[in-house]
Each structure stands twice: as structure tokens, then as C-alpha cells.
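A closer look at the structure
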Amino acid sequence: MSVNTAREGHQYPPAEPYQVSREAVREFAAAVKAEHRAHYEVDAAELLGHADLVAPPSFAVVVAQRAEAAAIEDPELGVDFSRVVHADERFTHHSPILAGDTLHAQVTVDRIRVMGAGAMVTTKVEITTPEGELRSTVTSSLLVRADEENAAEENAAGQNEEAAA
């Protein structure tokens, strides 16, 4: 099955709320080698004017990937994850993510661009608080390679079009 371009613009229901814990912030910061004390020590975060630990900027991917699962698992979209190459990820931060936050994430299939026998699928995840405050927007692009059967069919169709021209 190939990617269904008709799903472009489709918005999925919000993912289950994500509760940001201090331990999650600390573990993520250590994993990405973020060394600022505000990721590990509450008093350091408070000195910067925050109520609790500050998550590193790329922490938003933890929340976003939970929401993106709805698109990846959608049989109507047709993404075969075994054929995916991660192409790009971008973050737009509106305010810091803090330990203690409850975050909601909703994914939209922002764009589908057919490329040969494959497709580039771009999703956009809006991460908000329960009050609707936008914290981060995560835009992710996946290159979905066609399987050999679909690639052969696309290649044959392209050759037939060239011969007809």
C-alpha cells in the first residue's frame, strides 16, 4: 500500500495528556547532554523565574511522538514504518516546557508530497496546556519509500508515459 495523499490536512484526536515529571526532564537532559543546572535543580530553575525544572528544547519530541503515532498507525494514511527514513524535525517554541506541566498534543498531516514511487509525509504537532496555551509546535517530515512492487509499478507507468510522449 502506498501513502494516501487524500489524508493531507487530516487532524487526529488529541493524544492522551502527558504529565511532565522532574525525573523525565532530568533523564532527557542527561541523554542529550544538556548541562544547564535548570534541567536538574529546582533552585536553579527558580533563579531563572520558572516554577520547576526546565526541559531542554528538544524534549518536545517526547510529547510529539506520542501524538504522531496516530498518523503512523492510521491504515488510511498508509505509512509502512519499516520503509520510513526520518528526514527533518523542527521545533517552534512559544514558552518553556516545565516539570509539572500537563501537556496536550494534536497531530495534523500537514503535507504529503509524492516523490517518485515514495512520498514525503510532513506532520505538525501542536503542544498545549489544558488552558490552551501553545507551548511548542513540532514539524516532522518522513520519507516513506515505496515497496518494491509499488516502485516497479510506478517505474513502468513512468516509462509508458515517456514512450507515449
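Scroll up for the structure.
The text that follows walks through the structure, step by step, so that each part is easy to find. (Residues numbered from 1 in each chain as written. Predicted model: local features only at pLDDT ≥ 70, side-chain atom pairs only at ≥ 80, totals over all residues. Heavy atoms only, no water.)

**Comments concerning the pattern of salt bridges**
Filter applied, for reference: When a carboxyl oxygen of Asp or Glu is within 4 Å of a side-chain nitrogen of Lys or Arg, the pair counts as a salt bridge. Buried residues are those whose accessible area, probed at 1.4 Å on protein chains only, stays under 20% of the maximum for their type, while exposed residues exceed 50% and partly exposed ones sit between those limits.
Applying the stated criterion across every chain, the model contains eight salt bridges. The shortest N-O distance in the salt bridge between Asp88 and Arg90 comes to 2.7 Å. Of the residues examined, Asp88 reaches a relative accessible area of 26% and is grouped as partly exposed. Arg90 gets classed as exposed once you look at its relative accessible area, which sits at 54%. Note that Glu133 and Arg135 form a salt bridge whose closest N and O atoms lie 3.4 Å from each other. The class of Arg135 is buried, set by a relative accessible area of 9%.

**Some words on the packing of aromatic side chains**
Worth spelling out the cut-off: Ring pairs are drawn from Phe, Tyr and Trp, using the six-membered ring of Trp, whenever the two centres fall within 6.5 Å, and their geometry is named by plane angle: stacked under 30 degrees, edge-to-face over 60, tilted for the rest. Secondary structure is summarised from DSSP: a helix means a run of H or I of at least four residues, a strand means a run of E of at least two, and numbering begins at the N terminus for each.
Taken as a whole, this structure holds two aromatic pairs when the rule is applied. Ring geometry for Phe28 versus Phe59: centroids 5.3 Å apart, planes at 85°, classification edge-to-face. Taken together, the residues Phe28 in helix 1 (residues 22-31) and Phe59 in the loop between helix 2 (42-47) and helix 3 (60-72) connect sequence positions 31 residues apart. Judged by relative accessible area, which is 15%, Phe28 ranks as buried. Cluster of aromatic residues (ring-pair linked, three or more members): Tyr18, Phe28 and Phe59.

**Here we look at the sheet that holds strand 3 (residues 102-115)**
Our working definition: Strands qualify as paired when DSSP identifies two bridges or more between them.
Spatially, 1-3-4-5-2 is the arrangement adopted by the five strands of the open sheet, whose pairing is antiparallel. Either end of the sheet is taken by a strand with one partner, and the two such strands are strand 1 (18-19) and strand 2 (84-93). Note that strand 4 (residues 118-128) and strand 5 (residues 134-144) share ten bridges and pair antiparallel. Across the sheet, residue Val121 finds its bridge partner in strand 5, namely Leu142.

**A look at unusual backbone geometry**
Not every positive phi belongs to a glycine, and Lys33 is a case in point at roughly 60°. Within the element layout of this structure, Lys33 appears in the loop between helix 1 and helix 2. The class for Lys33 is exposed, based on a relative accessible area of 67%.

**Brief notes about the side chain of Ser140**
The test is simple: Pairs of N or O atoms are called polar contacts if they sit within 3.5 Å, as long as, within protein, a hydrogen donor faces a hydrogen acceptor (for residues adjacent in sequence, only side-chain-to-side-chain pairs). Should any heavy atoms of two residues lie within 4.5 Å, those residues are considered in contact.
Along the chain, Ser140 falls in strand 5. Within the structure, Ser140 has its side chain in polar contact with the side chain of His86 (distance 3.2 Å). Not counting the four nearest positions on each side in its chain, Ser140 is found in contact with Glu68, His86, Asp88, Glu89, Val121, Thr122 and Thr123.

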